[in-house]
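Notes for the structure review
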Amino acid sequence: MEKDGVVIGLECHIQLNTESKLFCGCPTAAEEPNSSCCPICLGHPGSKPVLNAKALDYALKVALALNCEVNKEFFFSRKTYFYPDMSKNFQISQYEIPVGLKGHLVLSTGKKIGITRVHLEEDPAALVHEAGMGASNFSLVDYNRSGIPLVEVVTDPDFASPEEAQDFLDQLTTILSYLKVYSPLTGTLKADCNVSVYGNSRVEVKNVTGKKAVGKALEFEVARQKRLLLDEREIVRETRSFDEKTMTTRSTRGKETEADYGYIFEPDLTAIQLSSGEIEEMKAKMPELHAAKSKRFMKEFSLDEYTANVLARNFNLGLLFEEISKSVDAKAAAKFLTRELMAVVNRSELDLDSLDLDSGEIGLLLEMLLSGKITEKVAKDAVVAYLAKGVKPTRFVEGRGLSKDLGEKEIEKAVEKVLSENKKAVADLKMGNEKSLNFLVGQVMRLTKAKAEPRAVQKIIAEKIRK
Amino acid sequence: MFDATVIEKARAEGAIIIGKTSQDAFGFGTFSTNVGLGFEIPKNPHDIKRACGGSSGGSAGFAALTKQTHASIGQSTGGSIACPASFCGVAGITPTYGRVSRFGLIDYANSLDKIGSIGKTVGDAALLLEVISGHDANDSTSLKQEKEEFSKLVPEKLKIGIVKELFENCDAHVKKECLKAVDSLGMKTEEISLPLNSKYGISAYYLISTAEASTNLARYCGMRYGLHEKLEGSFDEYFSKVRSNGFGEEAKRRILLGTFARMAGFRDAYYLRAMKARTALIKEFKKAFSRVDVLANPTMPLVAPTFEAIFKLSPLQQYAMDLCTVPANLAGMPHASIPVGKHENMPVGLMLTADHMGEGKMVQASLAVEALK
Ligand SMILES: [Zn+2]
């Protein structure tokens, strides 16, 4: 037990981003309520489920990425309970032998969190209370969600603080994004949070939606339980729910015994069999995950740990960095992305995963900055305009006449003209008169209407004089 | 709305669907006396005071009654094709589990449900089976298979196993008719003992089938399926009201039994143990099929009983009627019931069982039995 006596375990349910549902061909994305359903996801008598091979592949990837043991044979089970969001009143899930068992994930502090299991299951339909849960005297059911694949990741009770749980969720969603099995914007993440303090009764906060909410729910729950102990009151073993408006948890049904779902093997599906060769092949095909990528960045580009972590933590940012560093100095690119770009992202509370960033555009912008064609201020403004309004940096720079890029040949022409018209200054310069250089540069700038880059002009003049 | 795969396949071959027949609701019964609300109990064409058998009683009864060329579709979980075929004096074929797609079938117990055929002759039933067989991507448990022309088969000499235990608890006349038929075939025979199947078959079958059925029936709660009643109370109260009013006594009995068998604390002792027993029972069958081609036993321990007698039976006595048909059904083995004689002027059925995917041998043996007449 940790010094604060806090023990937390999480059961995370994450929507996988397959195109079709887990057991039917209905699209997972739909605009109108109840527009993406069929006899299978509506549970029509006579309909039969057919497993979406992609969803299985995704779940296997998650299990392997979380260092789980993958069984050569596993199967689905029926979890039966009555609830209006379940068309069949049973959920096809996994029980005895899930996709993966006994894995782990390493937190950014280096602490290892045990993964009890990873399994695949179908999402129930969504209940919609138009006037809010309390005020509605009826519920609407949207079956678009019914049958969307969920991967459930259950951790061992290894977290000693809400911060550790939060870190875990960050790492987990990063891994899922890396595996391309989860879309943070459209896919929901829900967690059931088990919390106990100083070995007292365990309380479960069910169905907390979103990473931030999980952190808040845990903070509140830990504080609430500790306060109860200070007041010498009993912590009741119960199920609680989290209210996002008040950021508090409240008891749902008082004392509760373990729910009994009467699991049976899903008799409409056959067991899934994998050879050890297939499992090994999947392992070999696993993409590089963020921890490994961060280490590689440090080694390959001589980045410091913090910068490498920031870049690797977000899949798209890491990708952007690697693309840009092909043409621009890697350290400068890393600095620009982690400072300038991330500053805008954080300040405007943007989601990096929702931004479609063109590495070519950002690369050009960075090149212009590094070569002195634009000022830092202009580069920053260009990033803001790009991220917030989608104005391409090259357009932004041109549109404002800020580009000083005349092209080397045109600068050369102007330089030649100025040199031929100012023989005396040229002679003085050859004698080592620095003022003459400034004069000549000034003349070129005037001639080019300040569209040439002064440092480039200086360089060309120096070359011409030396000849 | 959609058609079951078997209906699509039959229609594609030019079949004309003339209607649906009465049966035990959800397949729960041995006499077609548990018909659902608004349905009539089918009467045996040989004697209307007697039952057709079940659960596909209407299918067999109509095949026996009609003068037209006809074949019926039936569904067997524990013997629901063989039993009514035996009682009505027609040929009934239950295929290997997975040979015929279940897509569109209203589930009783998914790991046991098999759609099969019933005809006036073995040839008619074999033809319909040939048409409805085949792998179906819509049913994950359907088997990949070669197309087999069952309707073109002719009687063959095979080695017949006489299942010792399944003759023991039968009516003496039924036993005599069945043994007489096997003897008359003039084929090699051997006595086969299936002690595990006869001892544990019924128990394992009822535990597994009701456990699965209790989950299948959960959807008929008034939310999307089942009756619709006045909306009152919490959803739990509403669902309970709909289910209490909608399900018949037998359905309720099986839901209770099946739910009990899979609940924590009982699951290991009942549901899981029954699943393990099933594996052992299949092994016992496989061993028998290493010695003989086809197993023979009476389909039912008696001829079709009168409704008066049926209503005096306890549920347990009713379940015991399935003693002979349950083992092959639990093991997913193909089997047929062929009329072989009469007792009390009512038909007696002989059941012939073959190994998994052994429908060919089963049809050949059935044709030989039919040719005895
Ligand atoms: Zn669907």
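Please read these numbers as outputs of a predicted model, since none were measured by experiment. (Residues numbered from 1 in each chain as written. Chains lettered and ligands numbered in written order. Predicted model: local features only at pLDDT ≥ 70, side-chain atom pairs only at ≥ 80, totals over all residues. Heavy atoms only, no water.)

Things to note about the nonpolar core
Core analysis: the biggest nonpolar cluster contains 74 residues, and A:Leu10, A:Ile14, A:Val62, A:Leu66, A:Val118 and A:Phe168 have the highest contact counts within it. The element contributing the most residues to this core is helix H1 (residues 53-65) of chain A, with 9 residues. Beyond its immediate stretch of four places on either side in the chain, A:Phe168 contacts A:Leu10, A:Cys12, A:Leu105, A:Leu107, A:Ile113, A:Ile115, A:Val153, A:Thr155 and A:Phe159. With 50 residues, the next largest nonpolar core counts B:Cys83, B:Ile93, B:Ile310 and B:Val363 among its residues. (Core = buried A, V, L, I, M, F, W, Y, C linked by side-chain atoms within 4.5 Å. Buried < 20%, exposed > 50% of the residue type's maximum accessible area, 1.4 Å probe, protein only. Helix = DSSP H or I, 4+ residues; strand = E, 2+ residues; numbered from the N terminus. Contact = heavy atoms within 4.5 Å.)

Concerning the pattern of salt bridges
Across all of its chains, the model carries 48 salt bridges over all chains by this definition. Linking A:Lys206 and A:Asp192 is a salt bridge whose minimum nitrogen-to-oxygen distance equals 3.5 Å. Of this pair, A:Lys206 sits in strand S12 (residues 203-209) while A:Asp192 sits in strand S11 (residues 189-197); the two residues are 14 residues apart in sequence, bridging distant segments of the chain. Of the residues examined, A:Lys206 reaches a relative accessible area of 28% and is grouped as partly exposed. A single salt-bridge network, built from bridges that share partners, covers A:Lys48, A:Arg78, A:Glu266, A:Asp268, B:Arg102, B:Asp107 and B:Asp139. (Salt bridge = Lys/Arg side-chain N within 4 Å of Asp/Glu carboxyl O.)

A short note on the coordination of the zinc ion
Residue and element names in this part refer to chain A. Note on the zinc ion: its protein donors are Cys24 (SG), Cys26 (SG), Cys38 (SG) and Cys41 (SG). The metal-donor distances range over 2.3 to 2.4 Å. Motif for the zinc ion, donor spacing along one chain: C-x1-C-x11-C-x2-C. Residue Cys24 is found in the loop between strand S1 (6-15) and H1, and its partner Cys41 is found in the loop between S1 and H1; the two are separated by 17 residues along the sequence. Judged by relative accessible area, which is 10%, Cys24 ranks as buried. We classify Cys41 as buried; its relative accessible area is 4%. (Donors = N, O, S within 2.8 Å, 3.2 Å for Na, K, Ca; no water.)

Focus: the pairing of S12(A)
Residue and element names in this part refer to chain A. In terms of strand pairing, S11 meets S12 through 5 bridges, oriented antiparallel. Pairing of Ala191 across the sheet is with Val208, part of S12. Here S11 hands over to S12 after 5 residues, with Tyr198 in that stretch at a positive phi of 45°. Taking the sense of rotation as the criterion, the β-α-β connection linking S12, helix H3 (residues 211-230) and strand S13 (residues 238-243) turns out left-handed. (Pairing = 2+ DSSP bridges. Right-handed = clockwise from strand over helix to strand, strands pointing away.)

Comments concerning the environment of A:Ile40
Residues and elements named next belong to chain A. Counting through the fold element by element, Ile40 comes out in the loop between S1 and H1. You can call Ile40 buried: its relative accessible area is 19%. Considering only alpha carbons, one finds Ile40 and Ser87, 47 residues apart in sequence, at a separation of 9.6 Å. Look past the residues within four positions of Ile40 in its chain and what remains in contact with it is Phe23, Cys24, Ser47, Lys48 and Pro49.

Side note on the domain arrangement of chain B
All names here are of chain B. Parsing chain B into structural domains produces domain 1 (5-194 + 292-370) and domain 2 (198-272). Each of domain 1 and domain 2 was reduced to a C-alpha centroid, and the two centroids are 26 Å apart. Listed per partner, the contact involves 24 residues of domain 1 and 20 residues of domain 2. When the area that domain 1 buries against domain 2 is broken down by residue, the three leading residues are Phe28, Tyr108 and Tyr319, summing to 32%. The tally of links between domain 1 and domain 2 comes to 0 salt bridges. Here domain 1 and domain 2 share 12 residue pairs in polar contact (both at pLDDT 80 or more) between them. Counting only elements with at least two residues in the side of domain 1 that touches domain 2, the list comes to helix H5 (165-168), helix H12 (315-320) and helix H13 (326-331). (Domains from an automatic or database assignment. Buried area = accessible area lost by both parts, 1.4 Å probe. Polar contact = N/O pair within 3.5 Å; in protein donor to acceptor, adjacent residues only side chain to side chain.)

Some thoughts on helix H6 (residues 172-185) of chain B
All names here are of chain B. When the terminal C-alpha atoms of H6 are compared, their 20 Å separation across 14 residues agrees well with the 20 Å that a helix rising 1.5 Å per residue should span. Buried within H6 are the following residues: Val174, Glu177, Cys178, Ala181, Val182 and Leu185. On an axial view of H6, the arc spanned by its buried residues comes to 130°, and they lie on one face. For H6, the exposed residues lying more than 90 degrees away from the buried face are Ala172, Lys176 and Asp183. Where H6 begins, the side chain of Asp171 points an oxygen toward the backbone nitrogen of His173, at a separation of 2.8 Å. (Expected span 1.5 Å × (residues − 1). Arc of directions from axis to C-beta.)

Some words on the interface of chain B and chain A
Each partner contributes residues to the interface: chain B has 35 residues there, and chain A has 33 residues. Buried area between chain B and chain A, summed over both chains or domains, comes out near 2900 Å², and the portion from carbon and sulfur atoms is 59%. Ranking the residues of chain B by area buried against chain A places B:Ser140, B:Arg219 and B:Arg224 at the top, with a combined share of 19%. Seen at the junction of chain B and chain A, the total is 3 salt bridges. The salt bridge involving B:Asp107 is made with A:Lys48; its shortest N-O contact spans 2.8 Å. Contributing elements (two or more residues each) for the side of chain B that touches chain A: helix H7 (195-216), helix H8 (235-246) and helix H10 (268-289) of chain B. Per-element tally for the side of chain B that touches chain A: the top contributor is H7(B), with 4 residues.

Quick word on the domain arrangement of chain A
Structurally, chain A comprises domain 1 (3-281), domain 2 (290-399) and domain 3 (408-466). Relative placement of domain 1 of chain A and domain 3 of chain A: their C-alpha centres are 69 Å apart.

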